[in-house]
Amino acid sequence: MSKFWSSMAKRAKPYVPGEQVEGPNILKLNTNENPYPPSPKVNDAMKNATNHALRLYPSPTVDSLREAIAQEQGVTKDHVFVGNGSDEVLAFSFMAFFEPGKMIRFPNITYSFYPVYATLFDIPFEEVPLQDDFTILPESFFQSEGGVIFPNPNAPTSVFLPLEKVETIIEQNQDHVVMIDEAYVDFASASALSLVHTYDNVLVIQTLSKSRALAGLRVGYAIGNPELIEGLSRIKDSVNSYTIDRVAMAAATAAIKDETYTKELTTKIIQTRTSVTKQLEDLNFEVLPSQTNFVFATHPSVPAQVIYEQLKEQGILIRFFNTELLHNHIRITIGTEEEMKQFFTALKDIISKNI
Ligand SMILES: *Cc1c(COP(=O)(O)O)cnc(C)c1O
C-alpha cells in the first residue's frame with residue numbers, strides 16, 4: 001500500500017483472470033475462449049483498415065459498428081452502446097446506473113468481476129444464494145434497493161434462467177436497472193433482448209469474445225432503452241472518447257455481419273458440449289445442464305483440485321475456483337473435437353489413478 005494511492009486505488013480488489021499461458025504443448029480450456037478462428041472476413045476487414053486512415057481518430061460514436069449490431073439484433077442504433085470488451089461496458093454500466101450507498105444484488109455464485117466493480121465504485125452488494133440445484137430463485141431478486149445484475153446463462157455454473165423468470169425480476173425492479181450479462185447467450189436457447197422494448201429498466205450486455213471467437217479484439221456492447229444508452233455514453237465520454245480503434249471497429253463490424261459463420265461455430269460447439277457432457281457423466285461426474293461454451297462439473301470421489309493440478313502437469317488448463325462454495329467443481333471450456341479427445345485421455349487416466 002503506497003501513501004500516494006487514492007482511497008479508490010486502496011480499496012480496489014482487482015479481478016484475477018484465468019491464466020494466459022501460451023505454448024505449443026498447452027491445451028487451454030480455462031477461459032472460455034472459442035477454439036475456432038474468427039470469420040475469415042474479419043482478417044480481410046482488418047487488412048483493409050490498416051492504411052493511411054490510421055492517422056485519424058476513429059468515430060467516437062462507433063457509428064458503423066453500432067449500425068451493424070442494431071441491424072443484426074433488430075433494434076435501432078440509439079439502442080446500442082459499444083465498449084472495449086463487455087468488461088468495460090459492465091464497468092461503465094455500474095458507474096452509470098448503480099448508486100454508491102444503495103445495495104445492489106447479484107448471485108453468490110457468478111462472474112467474479114461484479115464484486116470488483118462494486119468495491120471500486122463504493123456500491124454495497126448482496127450476494128444472493130442460488131438454490132441447491134444452482135438455479136437462480138427470481139423472487140430473491142425482487143424489489144432491490146439499488147439494482148440487479150446477473151449473467152444469463154450464469155457463469156461459472158452454465159445454467160440458463162428461462163425468459164419468463166428473467167422478466168419477473170425486471171418487472172419487480174422497475175425503479176432500478178436490471179443488467180443481464182449475456183456473454184454466452186449464443187450458446188443458449190433465448191436472449192432477453194425482446195424485453196428491451198417492453199421495459200425501460202433492462203440492459204442486455206453481449207460480447208464478441210465468446211461466440212464470435214474474438215476475445216483478443218476487445219469488443220462488447222449493451223442494448224437497452226435509448227435513455228440508458230445515453231447514460232452510458234455520458235460516462236464513456238467522460239473517461240475516453242475513443243475506446244474502439246479503427247481496426248477493431250472494422251473487424252467487429254465484419255464479424256457481426258457474418259451471421260452464417262457465427263451460427264456454424266456455435267452449432268459445432270453445442271454438439272461437442274453434448275458429447276463432452278455424456279463422456280463426463282460416463283466417468284461419474286455430475287454435470288450441470290449447460291447452455292454455454294463450457295461445462296461445470298464435480299466428481300463424487302476425486303477432488304476438483306486434484307483433477308485441476310494433475311491436468312495442469314500435462315499442460316491441460318481448466319478452471320478451478322478455490323472458494324468455499326466452489327472448491328469441488330471444475331469448469332471446462334469446450335474445445336475442438338480433437339482437443340476434447342486429448343482432454344479425456346488425460347482425464348480418464350487421472351480418475352482411474354485417484355479413485
Ligand atoms: C467472458 C465474460 C465477460 C467478458 O467478456 P469480454 O467482452 O471479453 O470483456 C463478461 N461476462 C461474463 C459472464 C463472461 O464470462
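Residues numbered from 1 in each chain as written. Predicted model: local features only at pLDDT ≥ 70, side-chain atom pairs only at ≥ 80, totals over all residues. Heavy atoms only, no water.

Right, let's get into a nonpolar patch on the surface. A cluster of nonpolar side chains, M1, F4 and W5, forms an exposed patch at the surface whose accessible area comes to about 450 Å². Note on M1: relative accessible area 74%, which makes it exposed. (Patch = residues over 30% accessible without salt bridge, like charges linked within 9 Å, V, L, I, M, F, W, Y side chains within 5 Å. Areas by Shrake-Rupley, 256 points an atom, 1.4 Å probe, with all protein chains shown as cover. Salt bridge = Lys/Arg side-chain N within 4 Å of Asp/Glu carboxyl O. Buried < 20%, exposed > 50% of the residue type's maximum accessible area, 1.4 Å probe, protein only.)

In this structure the tally under the stated criterion is 11 salt bridges. In this structure, the salt-bridge partner of K28 is E33, at a minimum N-O distance of 2.8 Å. Put simply, R66 and D63 hold a salt bridge, and the shortest N to O gap is 3.7 Å. Of this pair, R66 and D63 are both found in helix α3 (residues 63-73), 3 residues apart, which corresponds to roughly one turn of the helix. What you see here is one network of salt bridges that share partners, running through D63, R66 and K77. (Helix = DSSP H or I, 4+ residues; strand = E, 2+ residues; numbered from the N terminus.)

Tracing the backbone shows R105 in strand β3 (residues 104-107). A distance of 3.0 Å separates a polar atom in the side chain of R105 from the backbone oxygen of S140. Within the structure, the side chain of R105 is placed 3.3 Å from the backbone oxygen of Q143, a separation counted as a polar contact. Beyond its immediate chain neighbours, meaning those up to four positions away, R105 contacts E126, V128, S140, F141, F142, Q143, S144, G147, V148 and I149. (Polar contact = N/O pair within 3.5 Å; in protein donor to acceptor, adjacent residues only side chain to side chain. Contact = heavy atoms within 4.5 Å.)

Here we take up the packing of aromatic side chains. Tallied over the full model, the rule gives 17 aromatic pairs. With a centroid separation of 5.3 Å and an interplanar angle of 55°, the aromatic rings of F94 and Y117 are classed as tilted. Of this pair, F94 sits in helix α4 (residues 86-97) while Y117 sits in helix α5 (residues 113-120), placing them 23 residues apart in sequence. Pair check on accessibility: F94 and Y117 agree, each one buried. Three or more aromatic residues joined by ring pairs form one cluster here, namely Y15, F94, F98, F106, Y111, F113, Y114, Y117 and F125. (Phe/Tyr/Trp six-rings, centres within 6.5 Å; stacked < 30°, edge-to-face > 60°.)

Let us now look at the site of the ligand. Taken together, G85, S86, D87, Y111, D181, A183, Y184, T207, S209, K210 and R218 make up all the residues around the ligand. For the ligand, an oxygen atom lies 2.6 Å from a polar atom in the backbone of S86. Within the side chain of S209, one N or O atom sits 2.6 Å away from an oxygen atom of the ligand. Taken by itself the ligand offers 380 Å² of open surface, and the protein chains cover 93% of this. Of the residues that constitute the shell around the ligand, the class distribution is 3 nonpolar, 4 polar and 4 charged. (Near = heavy atom within 4 Å. Nonpolar A, V, L, I, M, F, W, Y, C, P; charged D, E, K, R; others polar.)

For the protein, the assigned domains are domain 1 (7-37 + 260-354) and domain 2 (51-257). Look at where the C-alpha atoms of domain 1 and domain 2 centre, and you get two points 24 Å apart. Contact residues are listed per partner, giving 31 residues for domain 1 and 31 residues for domain 2. Interface area for domain 1 against domain 2, summed over the two sides, is near 2,500 Å², with a carbon-plus-sulfur share of 66%. When the buried surface of domain 1 facing domain 2 is broken down by residue, R11, Y15 and Q291 rank first, second and third, together holding 26% of it. For the interface between domain 1 and domain 2, the tally reads 1 salt bridge. When residues of the side of domain 1 that touches domain 2 are traced back to their parent elements, those giving at least two are α1 (7-11), α9 (259-282) and β10 (294-298). At 6 residues, the largest contribution of residues to the side of domain 1 that touches domain 2 is made by α9. A per-class count over the side of domain 1 that touches domain 2 returns 16 nonpolar, 10 polar and 5 charged. (Domains from an automatic or database assignment. Buried area = accessible area lost by both parts, 1.4 Å probe.)

With 24 residues, α9 extends 35 Å between its outermost C-alpha atoms, agreeing within 8% with the 34 Å of an ideal straight helix rising 1.5 Å per residue. Where α9 is buried, its residues meet α2 (40-49), α8 (246-257), β9 (286-287), β10, β13 (330-333) and α11 (337-354). Residue N284 follows α9 closely and has a positive phi angle near 80°. (Expected span 1.5 Å × (residues − 1).)

Of all 6 residues making up strand β7 (residues 202-207), 6 are buried, and the element is well covered by its neighbours. Side chains of β7 alternate between two faces, with V202, V204 and Q206 and L203, I205 and T207 buried alike. In terms of strand pairing, strand β6 (residues 178-181) meets β7 through 4 bridges, oriented parallel. Residue I180 lies in a different strand from β7, and its bridge partner there is V204. In terms of strand pairing, β7 meets strand β8 (residues 220-224) through 5 bridges, oriented antiparallel. (Pairing = 2+ DSSP bridges.)

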